[in-house]
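# Structural overview
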Amino acid sequence: MTELETLVNPPQEVFEEIVNLTSETEDWAFQLGDYQFWSKNFDQFWLFTIVEKETKKLVSSVSLARWDGEDGPLFSVGMFYCVQKYRGTGLGKPLFKKVMDIVGDNNATLTGVVKMSAKYASDFGFDKVPEHWHLFSSLKCADVVIPDKVSEKYTTKLWSDVDYEALTAYDRTICIRDRKKMMTNWFNLPDTFTRVVFDVSGNIVGYSTIRLVSKNKMSPAPFYADNLEAAEVLLKDLLNMIPNWQQYASFGFLHPECNKDPLKLLEKFAKNKESVSSATFIRSQFTKKLIPTPDQKVYALADCAHQFV
Ligand SMILES: CC(C)(COP(=O)(O)OP(=O)(O)OC[C@H]1O[C@@H](n2cnc3c(N)ncnc32)[C@H](O)[C@@H]1OP(=O)(O)O)[C@@H](O)C(=O)NCCC(=O)NCCS
């Protein structure tokens, strides 16, 4: 039998294997630099892995971030994964238990996939959930036609040309927890494009980051806008600033089902309505206290491993 070992905070190569495998088998969209980003930007971060002892090949993984705030620590659990040949052999659950031992009585959140969501609630107490699921709605770049005419009531700027105080104040209307420090570092990651959208009075009415991720895809993460018109201007300007955006395979929004605007937005950018696909993907779940989010403004979560909005 193959000997296995548990590694906590393994070398970068192990994380790269996780990114590659999860994009292949689950369509998850991460960047190779996310491990370093999480390690540096949360108050504490753990990546638990099981690997084959001899080859160091990945068997299973789960990550845990501790993010301190005015409301106390919030833990988030992500990257729960087991390579296909080892699934159902009882390896994943003990790894998950290890991170829950660290969480203790604190509030914790995760985004549970459809198949696992009920299990997280029943076995680990992730039973504080919003009424809606999150859909993943996407469009192939080959089917994109950027609209010629969009609203003239909105304009965009590069995030670095915007008053950062005003931008972070807007972010607090989306996420009640302070992401000031984290946001700059997110925007500064490689292969990342961020713009901010303004109304005619100069008020910020949204912002978005598009990341180039595994499997040659683009990932809007996050994408926030006060209304569809502003979202349309923001998406147009963002796509236009990405060199040769047509060479990428697709992009998609991970959005609350109760907000239909991300679907309408994709339809506005699609050759035809049929080229937009949409499926139920995850549910936001908490152990102690559900943190509310302004779902009508949320077109895409910032990070489906370690953020709740
Ligand atoms: C979820 C996952 C990591 C579980 O790993 P695993 O090693 O197969 O898990 P275990 O064998 O320890 O089983 C854990 C429990 O989850 C249940 N489970 C695992 N996969 C399941 C699935 N697809 N559907 C429903 N239940 C599932 C098992 O039945 C078991 O239940 P039990 O405690 O009642 O016996 C693995 O199935 C996987 O990688 N799935 C794809 C990625 C994914 O969806 N991750 C979750 C993201 S939120």
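Below you will find a few notes about this structure. Keep in mind it's a predicted model, so treat the numbers as computed, not measured. (Residues numbered from 1 in each chain as written. Predicted model: local features only at pLDDT ≥ 70, side-chain atom pairs only at ≥ 80, totals over all residues.)

A few words on the nonpolar core. Ranked by size, the top nonpolar core spans 41 residues in total, and within it V197, A225, A230, L234 and Y299 carry the most contacts. Aside from chain neighbours lying at most four places away, what touches A225 is V197, V205, G206, A230, A231, L234, K297 and Y299. (Core = buried A, V, L, I, M, F, W, Y, C linked by C-beta atoms within 7 Å. Buried ≥ 20, exposed ≤ 12 C-beta atoms within 10 Å, placed from the backbone. Contact = placed C-beta atoms within 7 Å.)

Axis separation between helix 7 (residues 228-241) and helix 8 (residues 261-268) bottoms out at 10 Å; the angle between their running directions is 45 degrees. Viewed along their axes, helix 7 and helix 8 adopt a mutual orientation that is oblique. As for how helix 7 packs across helix 8, the hand of that crossing is right-handed. Facing L228, A231, E232 and L235 of helix 7, the residues of helix 8 in contact are D261, K264, L265 and K268. Taken together, the residues of the contact of helix 7 with helix 8 break down into four nonpolar, no polar and four charged. (Axes fitted to C-alpha atoms, helices over the stretch in contact; angles between N-to-C directions. Helix = DSSP H or I, 4+ residues; strand = E, 2+ residues; numbered from the N terminus. Parallel < 35°, antiparallel > 145°, perpendicular 65-115°, else oblique. Left-handed = near helix turned anticlockwise from the far one by under 90°. Nonpolar A, V, L, I, M, F, W, Y, C, P; charged D, E, K, R; others polar.)

Once that is clear, we can look at the pairing of strand 8 (residues 192-198). With respect to burial, strand 8 is a largely interior element, six of its seven residues being buried. Of the strand pairs in this sheet, strand 7 (residues 155-158) and strand 8 are connected by four bridges, and their pairing is antiparallel. Bridging across to strand 8, K157 finds its partner in V196. Where strand 8 lies against strand 9 (residues 204-213), seven bridges are found, and the strand directions are antiparallel. In the strand pairing of strand 9, T192 is matched with R211. Counted along the chain from strand 8 to the antiparallel partner strand 9, the turn is five residues long, and its residue G202 has a positive phi close to 85 degrees. (Pairing = 2+ DSSP bridges.)

So far we have only geometry, and geometry alone does not tell us how the molecule works.
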